[in-house]
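Here are the chains, one letter per residue:
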Amino acid sequence: MASSGSSKPPEDTSKLGYSYVTPAGMCLRLRQSLAQFSDLFSEFNKYIAPAYHHDRCERSVHMRLYSMNKREFATVFLAFFACFGLGIFIGLAGPPITVMSKVSGSSLQPNVTTTPDAPSNYLARGPFVMRTPLLTTYSQQLWIIAKLTTDNTDDEMVDKKFHISVQIEGLTAEHKPMPVYGGTHNGGADVKNRTRHLSCSYEECDEFTVLHIGFLDYAHYIVTVHFYGLEAFHQRYNIRTVQFYFKSYNPAFTQIEIWFRFIFVLFTFIITCWFAHTLRKYPMNDWSIEQKWLSILLPLLLLFNNPIFPLIFIANNWFPGIIDALLQTTFLCGILMFWLCVYHGLRQNERKLLTFYLPKLIVVLPIWLCAVVLGIWEKCDELNDPTYSHFEDSENYNGLKVFVSIAGAMYLLYLGLLMLKAYSELRSMPYFDMRLKILTLLMLIVLSISLIVTMQHFGFDTLEDNFIAQLYTSYKSSAQFMCFYGLLNFYLYAMAYVYSPSGPAVHEPIIAKDNPTFSMINDSDEEVMYGSDEESRRPLNSACRKGNDYDSD
């Protein structure tokens, strides 16, 4: 009887279709450790998986991005690079941005000298009286740059500080000179001695800017230049030649710039109207954050291309040039703001002004202010004083460089943090992973091409070698202009196509809720209600569609 009450032998379990073998000690411990780690990860997973801890499932207008296959994605990027490459090819085949002519300082030496030692010290003192080449309205601006060569054979670097004074007169149509700067119309009170640095290595000395005229009122200018403080330098190293270079914008390039800006304005206007027409069928509350931002960036792009750009050549005023610089700065900072808001807005539904937008404005606003200072403030100073150079105000200029570096580092750090959090929380969620990938891919393309072009043309110290101040960079063609404008325009065009709505408009909320095709449309983001904790861990599309049953309140 005792044997009958005993348990069944182990071999009877084979009738159930499985068998159990007691694991070894090490294997058992490993399995228990993995089980504990799995339980811990499950507790953490609900914070990064699509669950109620996120503010909501994304309920927005069904974008074309959701229905595109790999072939359509490849077509979009192929069209983007084809248009961008065509723009660069047109730029490479176009004329150079600047034209240059030069005159030797020795040819400007007067025939009659007042003192016996004047011929020997003429190259160290002047005066150098020059007449500029013919300038048209399309020449836009004028730079006069000087370059010295010496007989220095010592193995040493020479950095000499000296002063220059400039007088400018404009020739009217009747060939009558009119004082422009440093003349007698103010009693000579506006004649200023500007400080310049002469850096020499062996025989060659670096170029330095004598003056920069930001707006051309006359076809010819008569410029008189004096040097002060180079006599001792001339006695030691013997200034052999002084070359003056006249640089201005190429009128042929200016015509190309006007035409292509007009073409970009026309295409941007058409795409802006088309994008607004596709979204007008849907309430603004149903727009995704990308669509809302594109409705802002496309008008800013229209202003960036500047429909009033030809006024720069018609109006005898500095105001159109200042407006052009301000519009370009605002659009570029708008793109920086767009990247921050989208990477954060995909994870957060409540986008209040103080908690969501204000921190991003604090990060982007210093960059905008620095660009305005460099582009507008300096331009105003140069218009008032053609001999002005921001290098003279070295203390404030170095402080501005530090401020720009800190602001740029803060922006990159903030953007990287938002990208990391967005990918860690949303990469496994349907729809969101596609939006993150397309956003990041287009952003990396724009940033990489912009950095390559900037470093190739300006070097690593962009602020010190900026194009407006010294024209150190030698431009061989208008490819940089086409690359810069084409990249930003085609970038917005590609995003407008990808983020545009797909499918017919649905006005009845019942149809939008019942039809799975329009499951991304909902009455309000804040009215979404979720089911049980287990249902909240399901994929986004499943959670969103099941959540529609609760939206009837």
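Predicted model only: the values in this text are computed from it and were never measured. (Residues numbered from 1 in each chain as written. Predicted model: local features only at pLDDT ≥ 70, side-chain atom pairs only at ≥ 80, totals over all residues. Heavy atoms only, no water.)

1. Regarding the nonpolar core
Among the nonpolar cores identified, the biggest contains 80 residues, and F338, W339, Y343, Y491, L492 and Y499 are the most heavily contacted of them. Counting residues per element, this core draws most heavily on helix α13 (residues 479–498), which supplies 14 residues. Excluding residues within four positions of it along the chain, F338 makes contact with W293, L297, L439, Y491 and M495. By size, the runner-up hydrophobic cluster in this structure holds 37 residues, among which are V103, V158, F208 and F233. (Core = buried A, V, L, I, M, F, W, Y, C linked by side-chain atoms within 4.5 Å. Buried < 20%, exposed > 50% of the residue type's maximum accessible area, 1.4 Å probe, protein only. Helix = DSSP H or I, 4+ residues; strand = E, 2+ residues; numbered from the N terminus. Contact = heavy atoms within 4.5 Å.)

2. Remarks on the confidence of the model for the protein chain
Here the protein chain averages 75 in pLDDT, and 70% of its residues register 70 or above. Within the model, pLDDT remains below 50 along residues 40–58, and this stretch shows 43 contacts once partners closer than five positions in the same chain are excluded. For the stretch residues 184–189, pLDDT sits under 50, and the model shows five contacts to residues farther than four places along the chain or on other chains. (pLDDT = per-residue confidence, 0-100.)

3. Some thoughts on the state of the cysteines
In total, this model carries one disulfide according to the counting rule given. Linked covalently through their sulfurs, C200 and C205 form a disulfide whose S-S length is 1.9 Å. Taking the sign of the torsion about the S-S bond as the criterion, the disulfide between C200 and C205, at about 95°, is right-handed. (Disulfide = S-S within 2.5 Å.)

4. Some remarks on a nonpolar patch on the surface
Among the surface-exposed residues, W259, F262, I263, L266, F267, F269 and I270 lie close enough to one another that they form a single nonpolar patch of about 750 Å² accessible area. As for its placement among the helices and strands, F269 is situated in helix α6 (residues 251–279). (Patch = residues over 30% accessible without salt bridge, like charges linked within 9 Å, V, L, I, M, F, W, Y side chains within 5 Å. Areas by Shrake-Rupley, 256 points an atom, 1.4 Å probe, with all protein chains shown as cover. Salt bridge = Lys/Arg side-chain N within 4 Å of Asp/Glu carboxyl O.)

5. Observations regarding the pattern of salt bridges
This structure, assessed with the given rule, holds seven salt bridges. For D151, the salt bridge is made with R240, and the minimal N-O distance between the two is 3.4 Å. Here the residue D151 occupies a position in the loop between β3 (142–150) and β4 (157–171), and R240 occupies one in strand β10 (residues 239–249), the gap between them amounting to 89 residues. E290 is paired through a salt bridge with R435; the nearest N and O atoms lie 2.7 Å apart. With E290 in helix α7 (residues 289–304) and R435 in helix α12 (residues 432–458), this pair connects stretches of sequence that are 145 residues apart. Considered together, E290 and R435 belong to a single accessibility category, that of buried residues. Sharing partners across several salt bridges, the network here consists of D151, E203 and R240.

6. Digging into the packing of α6 against α13
Orientation of α6 relative to α13, taken along the N-to-C sense of each, is 5°, at an axis distance of 11 Å. Judged by the angle between their axes, α6 and α13 are roughly parallel. Contact residues: F253, E257, F260, R261, F264, F267, T268, I271, W274 and F275 in α6; F481, M482, Y485, G486, N489, F490, Y493, A496 and Y497 in α13. (Axes fitted to C-alpha atoms, helices over the stretch in contact; angles between N-to-C directions. Parallel < 35°, antiparallel > 145°, perpendicular 65-115°, else oblique.)

7. Some words on helix α9 (residues 319–345)
Its 27 residues give α9 an end-to-end C-alpha distance of 37 Å, which sits within 8% of 39 Å, the value for a rise of 1.5 Å per residue. For α9, the tally of buried residues reaches 23 of 27 residues, placing the bulk of the element in the interior. (Expected span 1.5 Å × (residues − 1).)

8. Points about the packing of aromatic side chains
Under the criterion given, the structure shown has 26 aromatic pairs. Summarising the aromatic geometry, the rings of F304 and F331 are spaced 4.8 Å apart at their centres and angled 35° between planes, so their arrangement reads as tilted. Taken as a pair, F304 in helix α7 and F331 in helix α9 lie far apart in primary sequence, 27 residues in all. For the pair F304 and F331, one class covers both residues: buried. Feature note: the residues W143, Y249, F253, F304, F331, F481, F484 and Y485 constitute an aromatic cluster, connected by ring pairs. Sitting above the plane of the F309 ring, R261 keeps its charged end 4.1 Å from the centroid. (Phe/Tyr/Trp six-rings, centres within 6.5 Å; stacked < 30°, edge-to-face > 60°. Lys NZ or Arg CZ within 6 Å of the ring centre and 35° of its normal.)

9. Points about unusual backbone geometry
Note the cis peptide between G126 and P127, where omega equals 5°. Tracing the chain through its elements places P127 in the loop between α4 (118–125) and β2 (128–131). The backbone phi angle of Q140 is positive, close to 65°, even though this residue is not glycine. Its identity as a non-glycine residue notwithstanding, N238 has a phi of 60°, on the positive side. Here N238 falls in the partly exposed class, since its relative accessible area comes to 35%.

10. Some thoughts on the packing of α6 against α7
At their nearest, the axes of α6 and α7 sit 9 Å apart, and the two run at 160° to each other. The angle between the axes of α6 and α7 places the two elements in the roughly antiparallel class. Between α6 and α7 the crossing geometry is left-handed. Contacts between α6 and α7 involve R261, V265, T268, F269, I271, T272, F275 and L279 on the former and, on the latter, Q291, L294, S295, L298, P299, L301, L302 and F304. Grouping the amino acids of the contact of α6 with α7 by side-chain chemistry returns 11 nonpolar, four polar and one charged. (Left-handed = near helix turned anticlockwise from the far one by under 90°. Nonpolar A, V, L, I, M, F, W, Y, C, P; charged D, E, K, R; others polar.)

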